[in-house]
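Architecture at a glance
Residue-level listing of the chains:
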Amino acid sequence: MLEKNRKNEADEIKRKYWQIMKEIQDVFRDTSNNYRQKLVYNLLNAVKGNNQKEFFWTVLRALNARSDKSDVTKLSKEIGGMYPLSSSEFEKLAYSIILGIMSAGGE
C-alpha cells in the first residue's frame, strides 16, 4: 500500500512538471531564438551552481516581462511558491522549465 502511494505521488509530481513545461512553452512561444538561448544559458549556469535563488529570480523576471500573456501570473505564483526545493527536486523543476523554453521555438 505504501509503495502504491509513493508511485502515485511520483506520478503526480511528474504530471506537475510536465504541465509547467507545457505552460512555459506557451509563454515563450513568440520570443526570439536569441532571447531564449540567452535565457537558457543563464538558467543552466544557475542549475550547474545549484543556485536556486538566481534561477528563480531569472525565471520570475522573464515571466514578469511576459505578463501580457493570460496565465503568466498564475504560473509565476506557482513557480515562486516552490522555492526553496531539495537539490533533486530543483533539478527536475529546472530542467522542465529549461526544456519548455528550448522547445518553444518551433522553427
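Look up a bit, the structure's there.
Presented here is a report on the structure given in the accompanying data block. (Residues numbered from 1 in each chain as written. Predicted model: local features only at pLDDT ≥ 70, side-chain atom pairs only at ≥ 80, totals over all residues. Heavy atoms only, no water.)

Description of helix α2 (residues 33-48)
A rise of 1.5 Å per residue sets the reference length of α2, with its 16 residues, at 22 Å; its end C-alpha atoms lie 22 Å apart and thus fit the reference within 8%. Listed as buried for α2 are Arg36, Leu39, Val40, Leu43, Ala46 and Val47. Projected down its long axis, α2 shows its buried positions confined to an angular sector of 120°, all on one face. Facing away from the buried side of α2 by more than 90 degrees, the exposed set consists of Asn34, Lys38, Tyr41 and Lys48. Against α3 (52-65) and α5 (87-102) lie the buried residues of α2. Of the residues one or two after α2, Asn50 is the one with positive phi, at around 50°. (Helix = DSSP H or I, 4+ residues; strand = E, 2+ residues; numbered from the N terminus. Expected span 1.5 Å × (residues − 1). Buried < 20%, exposed > 50% of the residue type's maximum accessible area, 1.4 Å probe, protein only. Arc of directions from axis to C-beta. Contact = heavy atoms within 4.5 Å.)

Observations regarding the packing of α2 against α5
Contact geometry for α2 and α5: axes closest at 10 Å, N-to-C directions at 170°. Taken together, α2 and α5 sit at an angle that is classed as roughly antiparallel. Contact residues: Arg36, Leu39, Val40, Leu43, Leu44 and Val47 in α2; Phe90, Ala94, Tyr95, Ile97, Ile98, Ile101 and Met102 in α5. For the contact of α2 with α5, a count of residues per class yields 12 nonpolar, no polar and 1 charged. (Axes fitted to C-alpha atoms, helices over the stretch in contact; angles between N-to-C directions. Parallel < 35°, antiparallel > 145°, perpendicular 65-115°, else oblique. Nonpolar A, V, L, I, M, F, W, Y, C, P; charged D, E, K, R; others polar.)

Some points on the nonpolar core
Counting 26 residues, the largest nonpolar core has Ile24, Phe28, Phe55, Leu63, Ile79 and Ile97 as the members making the most contacts within it. When residues of this core are traced back to their parent elements, those giving at least two are α1 (2-27), α2, α3, α4 (72-80) and α5. Looking at this core, the element that brings in the most residues is α5, giving 6 residues. Look past the residues within four positions of Phe55 in its chain and what remains in contact with it is Leu43, Ala46, Val47, Phe90, Ala94, Ile97 and Ile98. (Core = buried A, V, L, I, M, F, W, Y, C linked by side-chain atoms within 4.5 Å.)

Section: the environment of Ser86
Of note, Ser86 is situated in the loop between α4 and α5. Expressed as a C-alpha distance, the spacing of Ser86 and Gln52, which sit 34 residues apart in the sequence, is 9.7 Å.

Quick notes on the environment of Val40
With respect to the helices, strands and loops of the structure, Val40 is situated in helix α2. The class for Val40 is buried, based on a relative accessible area of 8%. When near neighbours in sequence (up to four residues on either side) are disregarded, Val40 contacts Ile98, Ile101 and Met102.

A closer look at the pattern of salt bridges
Enumeration over the complete set of coordinates arrives at 7 salt bridges. Its salt-bridge partner being Lys69, residue Asp30 comes within 3.8 Å of it at the nearest N-O pair. In this pair, Asp30 sits in the loop between α1 and α2 while Lys69 sits in the loop between α3 and α4, placing the two residues 39 residues apart along the sequence. You can call Asp30 exposed: its relative accessible area is 54%. Among the charged side chains, a network of salt bridges with common partners joins Asp30, Arg66 and Lys69. (Salt bridge = Lys/Arg side-chain N within 4 Å of Asp/Glu carboxyl O.)

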